[in-house]
Amino acid sequence: MNLDITGARIYYTIPVLGGIPITESIVNGLLVTLLILGVCIFLTRDLKLRAVSTRQVIAEFIVETAVNFIESNVGSALTHLAPIVAALFSMSIVSSLISLVGLYPPSSDLSCTLAWALVVFGVITLTKIKTNGFGGYLKGFTEPIFVFTPLNIVSEIFTPVAMAFRHFGNIMAGSVISALVYGALAVASSALLGILPGVLGDVLGVIPILQVGIPAVLSIYFDLFSSFMQAFIFCMLTVQFVGQAAN
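Each chain has its residues counted from 1, following the order in which its sequence is written. Only residues with pLDDT of at least 70 are given local features in this predicted model, and only at 80 or more are side-chain atom pairs given and counted; all residues enter the totals for whole chains, interfaces and linings. Calculated side-chain values reflect all of the structure's heavy atoms, with hydrogen atoms and water omitted.

The next subject is the layout of surface pockets. The calculated volume of the largest pocket comes to roughly 840 Å³. A pocket, in this scheme, is an open set of points on a 1 Å grid over the protein atoms alone with protein on both sides within 12 Å along at least 5 of 7 lines, while a cavity is a set where a 1.4 Å probe fits but cannot get out; residues line either one if an atom lies within 4 Å of a point. Lining the largest pocket are 28 residues, and of these Ile62, Val63, Ala86, Ala87 and Ser90 lie nearest its centre. Only DSSP runs of H or I covering at least 4 residues are called helices, and only runs of E covering at least 2 are called strands; the numbering of each starts at the N terminus. Of all the secondary structure elements, the ones that give two or more residues to the lining of the largest pocket are α1 (24–44), α2 (54–74), α3 (82–97) and α7 (214–246). Its residues assigned to classes, the lining of the largest pocket comprises 23 nonpolar, four polar and one charged. Grid points are joined across faces, edges and corners, and a volume is the space filled by probe spheres set on the points. Of the volumes computed, that of the second largest pocket is approximately 450 Å³. Together, 16 residues line the second largest pocket, and Lys128, Gly140, Phe141, Glu156 and Ala245 are the ones closest to its centre. Contributing elements (two or more residues each) for the lining of the second largest pocket: α4 (110–139), α5 (149–193) and α7. Top contributing element to the lining of the second largest pocket by residue count: α4, with six residues. Taken together, the residues that form the lining of the second largest pocket break down as six nonpolar, seven polar and three charged. Charged means Asp, Glu, Lys or Arg here, nonpolar means Ala, Val, Leu, Ile, Met, Phe, Trp, Tyr, Cys or Pro, and polar covers whatever is left, Gly included.

So this is what it looks like as structure tokens:
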């Protein structure tokens, strides 16, 4: 099995493009994108002003939630960010939750979360330039005094890096802990049931009975609660950083 540096399986490499690897996270990320796109098309098909369908009500609720989220944090001046924030949240949450069906979560791949963070970094930079002009944007690196210029540049660069590593680290840590618990429960089952006498011990010792039920408690946190929290925090940081850039 070929692996990349993040542990994702490599399905294929493209020789004509310098051997670029097509990893499991790329394939699953594409599946997540197509799934979200399909849901969006389904919810927004045949929109009406009156006698709206349940699908349209759900679509309007999602839009209103994204807009209210931005307004409650940075005001109404940045409500145009609603599509970006909603896209980041949906990509993050679905990319994490596909682990529930046994697929490798793209959010456990640093290259994936770094790509999201670079999109956010681009929005932050464009907002700063739009607010202060290109000259004002460059001048901001020299504030409060010129000596701080190198530190300001490093701080600017590490904004997307920190966002990417925080999201990646939390999701990956949950996956690793869950895998370790599953392995430990399998060993514990073999040790406890293997001491039974005769054929009973031989049969039950190879069945990881302790894996039934106990990991479900961890799954509620790592696969559900933590996934929602990481998506929410990522979007909150996005809105806050862009709000600061606009001021």
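So, about α1. Helix span is expected to be 1.5 Å times the residue number reduced by one. In this model α1 runs 30 Å from its N-terminal to its C-terminal C-alpha over 21 residues, within 8% of the 30 Å that 1.5 Å per residue would give. Immediately downstream of α1, the backbone of Asp46 shows phi near 60 degrees, a positive value.

Turning next to the packing of aromatic side chains. Within a pair of aromatic rings, the relevant descriptors are the distance that separates the centres and the angle that separates the planes. Put simply, two rings from Phe, Tyr or Trp (the six-membered ring, in Trp's case) pair if the centres are within 6.5 Å, and we call them stacked under 30 degrees between planes, edge-to-face over 60, tilted for the rest. Using the criterion set out here, one finds four aromatic pairs in the structure. When the centroid spacing of 6.3 Å and the interplanar angle of 75 degrees are considered together, the rings of Trp116 and Phe234 count as edge-to-face. Here Phe234 lies in helix α7 and Trp116 lies in helix α4, a separation of 118 residues in the sequence. Only protein chains enter the area calculation, which uses a 1.4 Å probe; residues under 20% of their type maximum are buried, those over 50% are exposed, and those in between are partly exposed. Phe234 sits in the buried class, given a relative accessible area of 1%. An angle of 35 degrees between the planes, with centres 6.5 Å apart, marks the rings of Phe134 and Tyr137 as tilted. Taken as a pair, Phe134 and Tyr137 lie in helix α4 at a separation of three residues, close to a single helical turn. Relative accessible area serves as the criterion here: at 53%, Phe134 is assigned to the exposed category. Here the aromatic cluster, defined as three or more aromatic residues joined through ring pairs, consists of Phe134, Tyr137 and Phe141. Criterion for a charge above a ring: Lys NZ or Arg CZ within 6 Å of the ring centre, and within 35 degrees of the ring normal. Note that Arg55 overlies the ring of Phe42, its terminal NZ or CZ placed 5.3 Å from the centroid.

Our next topic: α4. Given a rise of 1.5 Å per residue, 30 residues ought to cover 44 Å, yet the end C-alpha atoms of α4 are separated by just 32 Å, more than 12% below that figure. Note that the bend at a residue is defined as the angle between axes fitted to the seven residues ending at it and the seven residues starting at it. Taken as a whole, α4 carries its principal kink of about 110 degrees at Asn132. For α4, the set of buried residues is Cys112, Thr113, Trp116, Ala117, Val120, Val123, Ile124, Thr125, Thr127 and Tyr137.

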